[in-house]
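Residues per chain, in single letters:
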Amino acid sequence: MIMNANPSMFKGDDLPVENVSIEDCEMFISRLNKMSGKRYRLPTRKEWLKAATGSEDVMLEDGKKTSMKEGADFTAEAWYNRNSSSQTHEVGRKRPNLYGLYDVNGNVQEWCVNDDTSIKGEYLACGGAYDCDEIRLLMESVITANKGDRSSTCGFRLVLDN
């Protein structure tokens, strides 16, 4: 076990960890790196967008960025307000995206490092969560945050550097 406690509002072996702050993520990453001898980190926003969509800049006709493709089958691909019963669900129960990643949209938003100068803030929560509607899943939903902020709708996904 890397951390002594699970801060999640919704607990279960296969549920995403949520209700974590950036500080919690940094502590987890530091411990994981020491234990594994590898280098894990939070993704940048551009890395997250590429993993979510296959492109750094997927634009809709109205000029908004999207992390899910228009015409996506939301029910098959994401846990969101119409099918989540207002809670997280086991990871990997929905169809994966083109890269084989599960739950990139829906279930929980994911902390990212901000590398977009048009958005203020060092850290962002990207993607949709179990409480989002289709519009927030389709649009590039970004929330800026302080290092100590926590939410039951936000977790994280790590990048492994070579």
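Residues numbered from 1 in each chain as written. Predicted model: local features only at pLDDT ≥ 70, side-chain atom pairs only at ≥ 80, totals over all residues. Heavy atoms only, no water.

**Section: unusual backbone geometry**
Then, number 1: For Ser85, which is not a glycine, the phi torsion comes out positive at approximately 55°.
Then, number 2: The residue Asn107 is not glycine, and still its phi comes out positive at about 70°.
Then, number 3: Judged by relative accessible area, which is 1%, Asn107 ranks as buried. (Buried < 20%, exposed > 50% of the residue type's maximum accessible area, 1.4 Å probe, protein only.)

**Structural notes on the confidence of the model for the protein chain**
Then, number 1: Residues with a pLDDT of 70 or more make up 86% of the protein chain, whose mean pLDDT is 85.
Then, number 2: Averaged pLDDT values for the elements of the protein chain fall to 77 in helix 4 (residues 134–138) and rise to 98 in strand 1 (residues 39–41).
Then, number 3: Confidence drops under pLDDT 50 across residues 58–66; counting only partners more than four residues distant or on other chains, this segment forms 22 contacts. (pLDDT = per-residue confidence, 0-100. Helix = DSSP H or I, 4+ residues; strand = E, 2+ residues; numbered from the N terminus. Contact = heavy atoms within 4.5 Å.)

**Let's talk about helix 1 (residues 22–36)**
Then, number 1: Here helix 1 contains 15 residues, and its C-alpha end-to-end distance of 21 Å stays within 8% of the 21 Å for a straight helix at 1.5 Å per residue.
Then, number 2: What helix 1 keeps buried is the set Ile22, Asp24, Cys25, Ile29, Leu32 and Asn33. For helix 1, the buried positions fall inside an angular range of 160° around the axis, keeping them on one side. The exposed residues of helix 1 that point more than 90 degrees off its buried face are Lys34 and Met35.
Then, number 3: Where helix 1 is buried, its residues meet strand 1, strand 2 (109–113) and strand 3 (123–126).
Then, number 4: Of the residues that open helix 1, the one with a side-chain oxygen 3.3 Å from the backbone nitrogen of Glu23 is Ser21.
Then, number 5: A positive backbone phi angle near 75° is found at Gly37, which sits one or two residues after helix 1. (Expected span 1.5 Å × (residues − 1). Arc of directions from axis to C-beta. Polar contact = N/O pair within 3.5 Å; in protein donor to acceptor, adjacent residues only side chain to side chain.)

**What about the packing of aromatic side chains?**
Then, number 1: Taken as a whole, this structure holds 3 aromatic pairs when the rule is applied.
Then, number 2: Summarising the aromatic geometry, the rings of Phe10 and Tyr130 are spaced 5.5 Å apart at their centres and angled 90° between planes, so their arrangement reads as edge-to-face. Residue Phe10 is located in the segment before helix 1, and its partner Tyr130 is located in the loop between strand 3 and helix 4; the two are separated by 120 residues in the primary sequence.
Then, number 3: By relative accessible area, which is 17% here, Phe10 ends up buried.
Then, number 4: Among the residues examined, Tyr130 registers a relative accessible area of 6% and is labelled buried.
Then, number 5: Both rings, one in Phe28 and one in Phe156, keep their centres 5.5 Å apart while their planes meet at 65°; by these two values the pair is edge-to-face. Pair noted here: Phe28 is in helix 1 and Phe156 is in the loop between strand 5 (154–155) and strand 6 (159–161), with a separation of 128 residues, a long-range link.
Then, number 6: In this structure, Lys94 is placed above the aromatic ring of Trp79, and the distance from its NZ or CZ to the ring centre is 4.2 Å. (Phe/Tyr/Trp six-rings, centres within 6.5 Å; stacked < 30°, edge-to-face > 60°. Lys NZ or Arg CZ within 6 Å of the ring centre and 35° of its normal.)

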